[in-house]
Amino acid sequence: GTTTLYHISVKEAVQKNILDTWQCEFRTRIEVAGNRIVRRYVDLVRQVGDDNGKRFIYNRDCWEIKKQVSAQHVITALHGFGKGEEVGDGHGRRITFASINGGKTYVENDAARILYGRNGKNGKEHAFGMVNFDDVDDVQELKRRTEEELKKLSEPKISYTAKVDDLSKYGFEHEGVGLGNRVLVIDKEDGLRISARVMARKHYPDGESADEITLGNYRTNLAEEYAKQLEFI
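Conventions we followed
Residues numbered from 1 in each chain as written. Predicted model: local features only at pLDDT ≥ 70, side-chain atom pairs only at ≥ 80, totals over all residues. Heavy atoms only, no water. Helix = DSSP H or I, 4+ residues; strand = E, 2+ residues; numbered from the N terminus. Buried < 20%, exposed > 50% of the residue type's maximum accessible area, 1.4 Å probe, protein only. Contact = heavy atoms within 4.5 Å. Areas by Shrake-Rupley, 256 points an atom, 1.4 Å probe, with all protein chains shown as cover. Pairing = 2+ DSSP bridges. Axes fitted to C-alpha atoms, helices over the stretch in contact; angles between N-to-C directions. Patch = residues over 30% accessible without salt bridge, like charges linked within 9 Å, V, L, I, M, F, W, Y side chains within 5 Å. Salt bridge = Lys/Arg side-chain N within 4 Å of Asp/Glu carboxyl O. Phe/Tyr/Trp six-rings, centres within 6.5 Å; stacked < 30°, edge-to-face > 60°. Lys NZ or Arg CZ within 6 Å of the ring centre and 35° of its normal. pLDDT = per-residue confidence, 0-100. Expected span 1.5 Å × (residues − 1). Arc of directions from axis to C-beta. Polar contact = N/O pair within 3.5 Å; in protein donor to acceptor, adjacent residues only side chain to side chain.

### Side note on the overall build of the protein chain
Logical step 1: Counting its secondary structure elements, the protein chain contains four helices and 15 strands.
Logical step 2: Relative to its 233 residues, the protein chain shows a buried fraction of 36%.
Logical step 3: Intrachain contacts of the protein chain at a sequence separation of at least 6 include 60% that bridge at least 24 residues.
Logical step 4: As presented, the protein chain carries roughly 14,700 Å² of accessible surface, and 46% of it is formed by carbon and sulfur atoms.

### Considering the sheet that holds strand β8 (residues 106–108)
Logical step 1: In space, the three strands of this open sheet follow the order β8-β5-β11, with mixed pairing throughout. Only two strands of the sheet have a single partner each, and these edge strands are β8 and β11 (128–132). Strand-to-strand, the axes of this sheet are offset by a mean angle of 25°, without reference to chain direction.
Logical step 2: Where strand β5 (residues 77–81) and β8 come together, three bridges link them in antiparallel fashion. Across the sheet, Ala77 pairs through a bridge with Glu108, a residue of β8.
Logical step 3: On the sheet, helix α3 (residues 139–153) packs against β5, β8 and β11 and is oriented at approximately 145° with respect to β5.

### Quick notes on a nonpolar patch on the surface
Logical step 1: A cluster of nonpolar side chains, namely Ile30, Val32 and Ile37, defines an oily patch on the protein surface of about 250 Å² accessible area.
Logical step 2: Residue position: Val32 is located in strand β1 (residues 25–33).

### Topic: the sheet that holds strand β14 (residues 192–202)
Logical step 1: Taken in spatial order, the six strands line up as β3-β13-β14-β15-β12-β4 in an open sheet, and their pairing is mixed. With partners counted over all chains shown, the strands left at the sheet margins are β3 (55–57) and β4 (62–70), one partner each. Each strand of the sheet is rotated relative to its neighbour by a mean of 35°, with strand direction disregarded.
Logical step 2: Where β3 meets strand β13 (residues 182–187), three bridges bridge the pair, whose relative direction is parallel. When the bridges of β13 are listed, Ile57 appears paired with Ile186.

### Considerations on the packing of aromatic side chains
Logical step 1: According to the stated counting rule, one finds one aromatic pair in the structure shown.
Logical step 2: With centroids separated by 5.1 Å and ring planes inclined at 90°, the aromatic side chains of Tyr106 and Phe128 adopt a geometry described as edge-to-face. Of this pair, Tyr106 sits in strand β8 while Phe128 sits in strand β11, placing them 22 residues apart in sequence.
Logical step 3: In this structure, Arg29 packs its charged tip against the face of Tyr41, placed 4.1 Å from the ring centre.
Logical step 4: The residue whose ring lies beneath Lys54 is Phe56, and the NZ or CZ to ring-centre distance is 4.5 Å.

### Comments concerning the pattern of salt bridges
Logical step 1: As enumerated under the stated definition, the model contains 15 salt bridges in all.
Logical step 2: Here Asp211 makes a salt bridge to Arg201, at a shortest N to O gap of 3.2 Å. Of this pair, Asp211 sits in strand β15 (residues 211–216) while Arg201 sits in strand β14, and the two are ten residues apart along the sequence.
Logical step 3: Several salt bridges share partner residues, and in doing so they unite Asp135, Glu141, Arg144, Arg145 and Glu148 into one network.

### Some words on the environment of Met199
Logical step 1: Along the chain, Met199 falls in strand β14.
Logical step 2: Residue classification places Met199 among the buried residues on the basis of a relative accessible area of 5%.
Logical step 3: When the C-alpha atoms of Met199 and Leu179 are compared, they prove to be 6.0 Å apart, with 20 residues separating the residues in sequence.

### Overview of helix α1 (residues 10–22)
Logical step 1: Those residues of α1 not exposed but buried are Ala13, Val14, Gln15, Ile18 and Leu19.
Logical step 2: Taken from the residues just after α1, Gln23 is the one with a positive phi, measuring 50°.

### Observations regarding the confidence of the model for the protein chain
Logical step 1: Per-residue confidence for the protein chain gives a mean pLDDT of 81; residues scoring 70 or more make up 85%.
Logical step 2: Mean pLDDT across the elements of the protein chain bottoms out in helix α4 (residues 220–230) (47) and peaks in β8 (97).
Logical step 3: Segment residues 218–223: pLDDT under 50, and 21 contacts once partners within four positions in sequence are set aside and those in other chains are kept.
Logical step 4: Within the model, pLDDT remains below 50 along residues 229–233, and this stretch shows 14 contacts once partners closer than five positions in the same chain are excluded.

### Section: α3
Logical step 1: Its 15 residues give α3 an end-to-end C-alpha distance of 21 Å, which sits within 8% of 21 Å, the value for a rise of 1.5 Å per residue.
Logical step 2: Here α3 has its buried residues at Leu142, Lys143, Arg145, Thr146, Glu149 and Leu150. Within α3, the buried residues cover an arc of 165° as seen down the axis, which keeps them to one side. In α3, the exposed residues that point more than 90 degrees away from the buried face are Gln140 and Lys151.
Logical step 3: Those residues of α3 that are buried lie in contact with β5, β8 and β11.
Logical step 4: For α3, the capping residue at the N-terminal end is Asp138, with a side-chain oxygen 3.1 Å from the backbone nitrogen of Gln140.

What follows is the structure, given as structure tokens:
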């Protein structure tokens, strides 16, 4: 993959350009000598966290489950534009994939339009968005990248907040859970089974309150959680 980093912050470069281009995630770590931080690292990995089969079962080590669905920013059709075409001494109009897409400069998700589109005179209409790829000058690649981006943008953000008991505190290390881990939450009474990744966690060392974990289906929150907690970038 290739990308161009120009007039943006380090945080933007990592969270947007690098993560999207190489389809990876990041974690941060530090090295300490005495009472000083001597090195700071950003590790790019395919996926943060593990899937070790951890299950939270309601009324055993899970005491509350809340679901939140946000379709506020769902995009159902996405215009894709590539690198600017050379005109004279500079670059002019950006390239599109209209020539291989029936004249349309956008790709669409009709299933998402029916569910999350805007209300129009003739029913549900597309919610349009736009994305620029400054490093793409091939129309086939431009369409593929736009379709990949639409796949992410056309899904609502779903999260679950659960109050859980971290059994690793009692010596059961294999029952521990960290950021990025995939876990299964089971509520046998309601027939609910949630398989999702841990996007955020609140830990109460005093043991008087249950830990809180947030499970979700969107990657950006994981990166933001690291940056917010460690103030590393």
